[in-house]
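Observations on chain architecture
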Amino acid sequence: MGDADHWERQQREIESYNIFYSAFHGIDGGPTLKTLGFRNPYRFPQIPIRNRNKPAEPDVAIFNGEVLLLVEIKSGKNCNKSHLEQMEHCDSVTIEDGINWLKNAQVTRYGMDHNDLENIEPAIVYDKSRYEEEIEPYADDRLDDIASYSPILSQSKGGKLSIERGSFGENALDSFFADGVPLPEVPPPTIYLTEGLERESLAVSICLDHVIRELKHGRVELSPTDVEDIYPRRAVELDDIVHVLDFLDEVGACRFDNEKYVFEQGHQRNFLDVKRIVSEERVDDYMDFSSDQEPTLDDF
Amino acid sequence: MDFNPETLKQEETSAILDRLISHVSKTEEELQEEAEEERKKTTDLKLFIARKEGFSLGTVEERLQSLATDESTHKYTRDFINEHGFTETRLNDEATLLEIRTPSYNREDYSILVDAGEYLRIFTTERRYWTKKTIERVIDYLPGLSRLYLSADDIHGIVNNLEEITETRISGFTSKYRSYDDNRRISIQFYGGDENDIENVKEEFDAKPTRVEFKQKNSPTDAVTGAITRNARVNIPGVRAGSEDLGAETLSSLAGHFEDRDHEHFDIPASPEMENTSGGLEIDGFTTVRLTDTDSENQVALADGGGLLHEDQTFLGALKEDILDKKQRYDFTNWGEDEFIVMDKNRSETFHLGIDNRDLIVNARPETTPITIKDFCQIILEEFRSTYGIQSRSTNLKE
């Protein structure tokens, strides 16, 4: 049946992105990331690095006209070796790589010039209480290693986004994040999708981020490729989309008709219910894919 | 007032408004007689304000007809439409005259509909007894129109804004108190005292007005009397003869401030609309509406015998039980322990709802519209906690 808290983990991850984004919204009268000129965060970017096979894939990239911040956001209670590798990787993005990516992302649309890029700063953000209780006490050395590439920040709902260890290459950022950005108690939602494109969050995201929004204009018809276009390539695979749409069909959120998945008014209750269903059972378990999906060695 | 369309046609809106005001214009003697006999000589001039959502003047008959033939329309609404007759006559570019006929009582009720950009102002001099049965129901039923609703602090503020025009004092108020943690339903109606008396009463009972009455001076005497309610109704019972211009200014100020505050509270300049671009996923921004107790220290005044409950669980439980579960209008799903995605079934829209201490936090979702949030705030203020104030804040991520 998979891990019992499979949904809690995904929800935490989604929540951690929302908390980070809420640093742009802040609290009434407080400083926000906009105070530093940052705007238009890019979720799930892929930044090619010269001389490396793999692009940098931070969770969020933000630019203020001079500094490009590559932010990795963690919601778990571990500090894995992969965190170190990710930050090392982000740290290896060169100015040229950054300029090329910003150009491709068309930051000029928001009144910024990619050629003005002065500095690239990686940063990793942990959940405040998990950082204090479960990470810092057990991963002191690793945190020091990570801090050699990027500062370590923490965040919490109703708390602050602030620096815990290490430092940025710029004093202005250091002093700003030393005071921290006060965060709202109820961060506004952004999108309901995890980086690991788990099928549960994909099911919830299709319903909440897309179908419900469109439904007030009548019914919504989606093909798997329509769904693919909604999300960054990095985030979703066609295969997952098909499985998830079949699952939504199975739970009564839509029906399959003429190559399209059709969502209709009157089934709203079912869309809202998808979150509850996936929190109780994994999509694959619900569909019982293990028995009729990919053949295993035992089948031969 | 004479509502003959032939007379009113081609008149400027200001001239039509002057006619409406002259309906309540009274001489010194008439005003004195009113005071002595405690009986009004005319009906009040009334103004209702609604936000437009795709509504345009000249479409009332057609809209009501299609409502009446739509099977999904509530029977109550269909019956109302079928039992009345409607004629909307164009008066000028920005105003129409709406005649509502009630054959069973052999009567006609008239209203003047004036376009005000994103809002519609509806003037009438009919009795409240009849406006409730006619024009107010039309406003409620008409798709594309939604009557405004503001907090107690707002209507208090709107009356204070009248100082911009002339010296104004609050001459009375009505307050209806209601809270999720208090079984009592308290109503206060207070008239006749001076400013200090009113302040004392308000403090003593933590009274938040649902209706505020005012008197405006045009030295040395009272020139315009009026009252406003939370749900955007203005009543002008009298304007002293000679002060008609002040009356017109007052109406325009009240309507303008009602509309400004509606904008301020319920507009959604940015929502988390997402777009997949070459850079990744981009999100437009956020709008948060906060329902907050502005002067909660006064709440202790009600603690005796009120059974004030203090656990957060009670608050959350009451919110779920009294509003989300009880109202047929909403479906919801939990997001975490104390956050919800709420679906407004009437409007096929969702919003995100959370709590911060005893404040309610409403975050707009991509499809959320101002009226959906306004309607929710109205339900909360009327059925959950009448003392909340409304604050809104927005962040555009792209600017």
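Residues numbered from 1 in each chain as written. Chains lettered and ligands numbered in written order. Predicted model: local features only at pLDDT ≥ 70, side-chain atom pairs only at ≥ 80, totals over all residues. Heavy atoms only, no water.

**Some details on the overall build of chain B**
To keep it simple, the criterion reads: Only DSSP runs of H or I with at least four residues qualify as helices, and only runs of E with at least two residues qualify as strands; both kinds are numbered from the N terminus onward. For the radius of gyration, the atoms used are the C-alpha atoms, and the globule rule reads 2.2 Å times the number of residues raised to 0.38. Only protein chains enter the calculation, and the probe is 1.4 Å; a residue is then buried if its accessible area is under 20% of its type maximum, exposed if over 50%, and partly exposed in between. Contacts are assigned to residue pairs with any non-hydrogen atoms lying within 4.5 Å of each other.
Scanning chain B from terminus to terminus reveals 12 helices and 20 strands. Taking 399 residues into account, the globule formula puts the C-alpha radius of gyration at 21 Å, and chain B, at 23 Å, falls close to it. Dimensions of chain B, computed from the C-alpha atoms along their principal axes, are close to 65 × 50 × 45 Å. Residues counted as buried form 58% of the 399 residues belonging to chain B. Considering only contacts in chain B between residues 6 or more positions apart, those separated by 24 or more positions represent 62%.

**Section: the packing of helix 7 (residues 199-215) of chain A against helix 10 (residues 268-280) of chain A**
Packed helix pairs are characterised by how far apart their axes lie and by the angle those axes make with each other. Residues and elements named next belong to chain A. Rule in force here: Axes here refer to lines fitted to C-alpha atoms; in helices the fit is confined to the stretch in contact. Angles between the N-to-C directions go from 0 to 180 degrees. Every angle not falling under 35 degrees, over 145, or within 65 to 115 is termed oblique; those three ranges are roughly parallel, roughly antiparallel and roughly perpendicular. Definitions for this section: a left-handed crossing has its near helix turned counterclockwise from the far helix by less than a right angle. A right-handed crossing has that turn clockwise. All amino acids are sorted into three groups, where Ala, Val, Leu, Ile, Met, Phe, Trp, Tyr, Cys and Pro are nonpolar, Asp, Glu, Lys and Arg are charged, and the leftover types, Gly among them, are polar.
At a minimum axis separation of 9 Å, helix 7 and helix 10 run at an interaxial angle of 160 degrees. With respect to their mutual orientation, helix 7 and helix 10 come out roughly antiparallel. Where helix 7 crosses over helix 10, the two elements pack in a sense that is left-handed. On the side of helix 7, the interface is formed by Glu200, Ala203, Val204, Cys207, Leu208, Val211, Ile212 and Leu215, while helix 10 contributes Gln268, Phe271, Leu272, Val274, Lys275 and Val278. Looking at the contact of helix 7 with helix 10 residue by residue, the class counts come to 11 nonpolar, 1 polar and 2 charged.

**A word on the interface of chain B and chain A**
So the rule is basically this: In short, buried area is how much 1.4 Å probe accessible area vanishes from two parts on joining, totalled over both. Each reported salt bridge corresponds to a side-chain nitrogen of Lys or Arg within 4 Å of a carboxyl oxygen of Asp or Glu. Counting of polar contacts relies on pairs of N or O atoms within 3.5 Å, with two restrictions inside protein: one atom must be capable of donating a hydrogen and the other of accepting it, and residues adjacent in sequence are counted only when both atoms are side-chain atoms.
Counting residues at the interface gives 44 residues for chain B, matched by 47 residues for chain A. Buried surface at the junction of chain B and chain A, summed over both partners, amounts to about 4,200 Å²; 56% is from carbon and sulfur atoms. Taken together, the links from chain B to chain A amount to 6 salt bridges. Put simply, Lys157 of chain A and Glu339 of chain B hold a salt bridge, and the shortest N to O gap is 2.9 Å. Taken together, the connections running from chain B to chain A amount to 23 residue pairs in polar contact (both at pLDDT 80 or more). For the side of chain B that touches chain A, the secondary structure elements donating two or more residues are strand 13 (274-277), strand 14 (280-283), strand 15 (285-293), strand 16 (330-334), strand 17 (339-344), strand 18 (349-356), strand 19 (359-364) and strand 20 (388-396) of chain B. The dominant element in the side of chain B that touches chain A, judged by the number of residues it contributes, is strand 18 of chain B, at 6 residues.

**With respect to the packing of aromatic side chains**
All names here are of chain A. How we decide: Each Phe, Tyr or Trp ring, with Trp reduced to its six-membered ring, pairs with another whose centre is within 6.5 Å; inter-plane angles below 30 degrees give stacked pairs, above 60 give edge-to-face pairs, and intermediate values give tilted ones.
Applying the stated criterion to the full structure yields 22 aromatic pairs over all chains. Aromatic side chains Tyr17 and Phe44 sit 5.8 Å apart centroid to centroid with 85 degrees between the ring planes, which places their arrangement in the edge-to-face category. Highlighted residues: Tyr17 in helix 1 (residues 6-25) and Phe44 in the loop between strand 1 (39-43) and strand 2 (60-63), separated in sequence by 27 residues. This pair shows no difference in class: Tyr17 is buried, exactly as Phe44 is.

**Things to note about the nonpolar core**
Where we set the bar: Residues belong to a common nonpolar core when they are buried Ala, Val, Leu, Ile, Met, Phe, Trp, Tyr or Cys residues joined through side-chain atoms within 4.5 Å.
In terms of nonpolar packing, the biggest core is built from 71 residues, with Leu33, Ile206, Leu248 and Phe263 of chain A touching the most fellow members. A per-element tally of this core places helix 7 of chain A first, with 9 residues. Every residue in contact with Phe263 of chain A, bar those within four places of it in the chain, is listed here: Ile206, Val211, Leu215, Arg219, Val220, Leu222, Leu245, Leu248, Ala253, Cys254 and Phe271 of chain A. Counting residues in each nonpolar core, the second largest holds 44 residues, with Ala95, Leu150, Ile236 and Ala255 of chain B among its members.

**Considerations on a negative patch on the surface**
All names here are of chain B. The condition that has to hold: Nonpolar side chains (Val, Leu, Ile, Met, Phe, Trp, Tyr) within 5 Å and like charges within 9 Å form the patches, drawn only from residues with over 30% relative accessible area and no salt bridge. Here, Shrake-Rupley sampling with a 1.4 Å probe gives the accessible areas, and only protein chains in the shown set may cover a residue. Two residue types count as positive, namely Lys and Arg, and two as negative, namely Asp and Glu; His and chain ends fall outside the count. Charge coordinates come from a single atom per side chain, which is NZ of Lys, CZ of Arg, CG of Asp or CD of Glu.
Negative charge collects at one region of the surface, where Glu163, Glu167, Asp194, Glu195 and Asp197 lie side by side. Tracing the backbone shows Glu195 in helix 9 (residues 195-205). The class of Glu195 is partly exposed, set by a relative accessible area of 41%.

**Comments concerning the sheet that holds strand 10 (residues 260-263) of chain A**
Residue and element names in this part refer to chain A. Worth spelling out the cut-off: Two strands make a pair as long as DSSP finds a minimum of two bridges between them.
Spatially, 3 strands are ordered 8-10-9 in an open sheet, and the strand pairing comes out antiparallel. Each edge of the open sheet is held by one strand with a lone partner, namely strand 8 (220-222) and strand 9 (255-257). Strand-to-strand twist in this sheet, taken as the mean axis angle between neighbours without regard to direction, amounts to 35 degrees. Sheet analysis places strand 9 next to strand 10, joined by 3 bridges and oriented antiparallel. Pairing of Arg255 across the sheet is with Val262, part of strand 10. Running over the sheet, helix 7 touches strand 8 and strand 10 and is turned about 135 degrees from strand 8.

**Some remarks on the pairing of strand 6 (residues 119-124) of chain B**
Each regular strand shows side chains that alternate between the opposite faces of the sheet. Residue and element names in this part refer to chain B. Of all 6 residues that make up strand 6, 6 are buried, and the element is covered over most of its length. In strand 6, alternate side chains face the same way, and those of Tyr119, Arg121 and Phe123 on one face and Leu120, Ile122 and Thr124 on the other are all buried. Strand direction decides the pairing type here: strand 2 (residues 45-52) and strand 6, joined by 6 bridges, are antiparallel. Among the inter-strand pairings, Lys46 is bridged to a residue of strand 6, identified as Thr124.

**A look at the side chain of Asn363 of chain B**
The residue Asn363 of chain B is located in strand 19 in this model. Polar contacts involving the side chain of Asn363 of chain B include one to the main-chain carbonyl oxygen of Val186 of chain A, which spans 3.4 Å. In this structure the side chain of Asn363 of chain B is engaged in a polar contact, spanning 2.6 Å, whose partner is the side chain of Thr288 of chain B.

**Description of the pattern of salt bridges**
With the rule as written, the count across this model stands at 67 salt bridges over all chains. Between Glu275 of chain B and Arg109 of chain A there is a salt bridge, with its nearest N and O atoms 3.8 Å apart. Pair noted here: Glu275 of chain B is in strand 13 and Arg109 of chain A is in the loop between helix 3 (95-104) and strand 4 (119-127), and the two residues belong to different chains. By relative accessible area, which is 34% here, Glu275 of chain B ends up partly exposed.

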